[in-house]
Amino acid sequence: MKLKALFLALASAAVISPSVFAQAPIVIKFSHVVANDTPKGKAAERFKALAEKGTKGRVKVEVYPNSTLYKDKEELEALQLGAVQMLAPSLAKFGPLGVREFEVFDLPYIFPSKDVLYRVTEGAIGKSLLKKLEPKGITGLAYWDNGFKVMSANKALHSPSDMKGLKMRIQSSKVLDAQMRALGANPQVMAFSEVYQGLQTGVVDGTENPPSNLYTQKMHEVQKHVSMTNHGYLGYAVIVNKKFWDGLPADIRAQLEAAMKESTRYANAIAQQENDKSIAAVKASGKTTVYELSSKEQAEWYKALVPVQKQMEDRIGKELISSINKESAALHPK
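Here the structure is a predicted model, which is why all the values come from computation and not from measurement. (Residues numbered from 1 in each chain as written. Predicted model: local features only at pLDDT ≥ 70, side-chain atom pairs only at ≥ 80, totals over all residues. Heavy atoms only, no water.)

Novice: Account for the nonpolar core, naming residues and giving values.
Specialist: Residues Phe30, Phe47, Val61, Met86, Trp144 and Leu256 are the most contacted members of the largest nonpolar core, which totals 40 residues. Contributing elements (two or more residues each) for this core: strand S1 (26-31), helix H2 (39-54), strand S2 (59-64), strand S4 (138-148), helix H7 (195-201), strand S10 (233-241) and helix H10 (250-285). For this core, the leading source of residues is H10, giving 7 residues. If near-sequence neighbours (up to four positions away) are discounted, Phe30 is found in contact with Ala44, Phe47, Val61, Glu62, Val63, Tyr64, Val84, Met86, Leu87, Ala88, Trp144 and Val238. Ala78, Val99, Val104 and Ile110 belong to the second-largest nonpolar core, a separate cluster that totals 37 residues. (Core = buried A, V, L, I, M, F, W, Y, C linked by side-chain atoms within 4.5 Å. Buried < 20%, exposed > 50% of the residue type's maximum accessible area, 1.4 Å probe, protein only. Helix = DSSP H or I, 4+ residues; strand = E, 2+ residues; numbered from the N terminus. Contact = heavy atoms within 4.5 Å.)

As structure tokens, this is what we get:
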């Protein structure tokens, strides 16, 4: 009798277990390296809320900010291995992965305005670049904006000559390396999570970042001067593990795509206002002098840096660089 009861129990378990598992939510681990109160951090939280609501709880999004899960050097490998499902790395990260075309976003002065940027990221050029990630096991979902970069150091940076000899932290990018060398600085590759300490201890003298990253990581507390050079762009690509994404039920994927579309609109809408708020907070702190370049000084920075575009043609692709400059000329004819 006991044996019969055991078989009945096992049979019951076999019947009910599929439905139990079917009800378990699909977990998306979303890792990123910046603070929650940055444009990317806020957009990640917005995506989480929209995704969970849109799928009626069938998907659970776990957001891991501030390098709590992976540092920026580790996260792409973790995504490819399936240890994490979603990331929003800066566009500079794809060059070292072997997709050099993404380094076009690192070129100084390639985007004279946000209008040109969005024309590229939301158009055929942006879509074709995301497609190039698929052979790496990655599906690109969207571009998130974080604005234009400023230079910071413990000395005033009014002209390109002020950069000479400075150890400047950069992301791992051949373009950013060339950019700093064009200014006479010594580029130092360093993980984002280590930059504050690097600045504090003098391992590096300065860095480049959008104001929101500078302020939320408290870099202004260990940098005496910020110059509003707006010399380069920093944005992100929201990406997922391709195998994971392709394996999702079609209706779930559709809901997640809708959530991503809405959170992308949100990210791009708040980027500029977050950077404006951050630079105002840096000024209010009294710890850092914020310098606005004159038009003559801005022209000097442009003259020093724009040759990097030509220098990188063989690496990135002359045709790609030219196509973006054509988009720029269409919106800003000289």
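Resuming the write-up.
Novice: Any chance you could break down the sheet that holds S1 for me, citing the residues and the numbers?
Specialist: Spatial strand order, S2-S1-S3-S10-S4: 5 strands in an open sheet with mixed pairing. Since the sheet does not close on itself, it has two edges, and those belong to S2 and S4, each with one partner. Here S1 runs beside S2; their pairing, made up of 6 bridges, is parallel. In the strand pairing of S2, Phe30 is matched with Val63. Helix H4 (residues 114-121) rests against S4 and S10 of the sheet, and its axis sits at about 180° to S4. (Pairing = 2+ DSSP bridges. Axes fitted to C-alpha atoms, helices over the stretch in contact; angles between N-to-C directions.)

Novice: Kindly report on the pattern of salt bridges, identifying the contributing residues and their values.
Specialist: Pairs may arise between side chains of opposite charge once their charged atoms sit close together. Counted according to the given criterion, the structure contains 17 salt bridges. Where Lys42 meets Glu274, a salt bridge forms, and the shortest distance between an N and an O atom there is 2.9 Å. Placement of Lys42 in helix H2 and of Glu274 in helix H10 is noted, with a sequence separation of 232 residues between them. Of the residues examined, Glu274 reaches a relative accessible area of 7% and is grouped as buried. With its nearest N and O atoms 2.7 Å apart, the salt bridge here joins Arg265 to Glu262. Residue Arg265 and its partner Glu262 are both found in helix H10; the two are separated by 3 residues, about one turn of the helix. (Salt bridge = Lys/Arg side-chain N within 4 Å of Asp/Glu carboxyl O.)

Novice: Before we move on, can you summarise unusual backbone geometry with the specific residues and values?
Specialist: A positive phi angle, near 55°, is found at Asn66, a position not held by glycine. Inspection of the secondary structure assignment puts Asn66 in the loop between S2 and helix H3 (75-81). Relative accessible area serves as the criterion here: at 39%, Asn66 is assigned to the partly exposed category. One non-glycine residue, Lys218, lies in the positive phi region at around 60°. Tracing the chain through its elements places Lys218 in the loop between helix H8 (211-216) and strand S9 (225-227).

Novice: Account for the sheet that holds strand S7 (residues 186-189), with residues named and values stated.
Specialist: Spatially, 6 strands are ordered S7-S6-S8-S5-S9-S11 in an open sheet, and the strand pairing comes out mixed. Lying at the two open borders of the sheet, with one neighbouring strand each, are S7 and strand S11 (289-291). With strand direction ignored, the average angle separating the axes of adjacent strands in the sheet is 25°. Sheet topology note: the strand S6 (residues 167-170)/S7 ladder contains 4 bridges and is parallel. Each residue of the ladder has a partner; that of Ile170, found in S7, is Val189. Helix H6 (residues 174-182) contacts strand S5 (150-153), S6, S7 and strand S8 (206-209) of the sheet and is inclined by roughly 160° relative to S6.

Novice: I'd like to hear about the packing of aromatic side chains, residue by residue, with values.
Specialist: Counted according to the given criterion, the structure contains 9 aromatic pairs. Residues Tyr109 and Tyr302 carry aromatic rings whose centres are separated by 5.1 Å and whose planes lie at 55° to one another, so their mutual orientation is tilted. Of this pair, Tyr109 sits in the loop between strand S3 (86-87) and H4 while Tyr302 sits in helix H11 (residues 295-305), and the two are 193 residues apart along the sequence. Among the aromatic residues, those joined into a cluster by ring pairs are Phe94, Phe102, Phe105, Phe111, Tyr143, Phe148 and Tyr233. (Phe/Tyr/Trp six-rings, centres within 6.5 Å; stacked < 30°, edge-to-face > 60°.)

Novice: If you had to explain the pairing of S4 to someone new, which residues and values would you point to?
Specialist: Among the 11 residues of S4, 9 are classified as buried, and the element is accordingly described as predominantly covered. Bridging between S4 and S10 involves 8 bridges; their strand directions are antiparallel. The residue of S10 that forms the bridge with Ile138 is Asn241.

Novice: Go over H2 with me, naming the residues and quoting the values.
Specialist: Its 16 residues give H2 an end-to-end C-alpha distance of 22 Å, which sits within 8% of 22 Å, the value for a rise of 1.5 Å per residue. If you check which residues of H2 are buried, you get Pro39, Lys40, Gly41, Ala43, Ala44, Phe47 and Ala51. (Expected span 1.5 Å × (residues − 1).)

Novice: Which residues make up the environment of Lys261, and what values go with them?
Specialist: Mapped onto the elements, Lys261 comes out in helix H10. Separated by 170 residues in the primary sequence, Lys261 and Leu91 place their C-alpha atoms 19 Å from one another.

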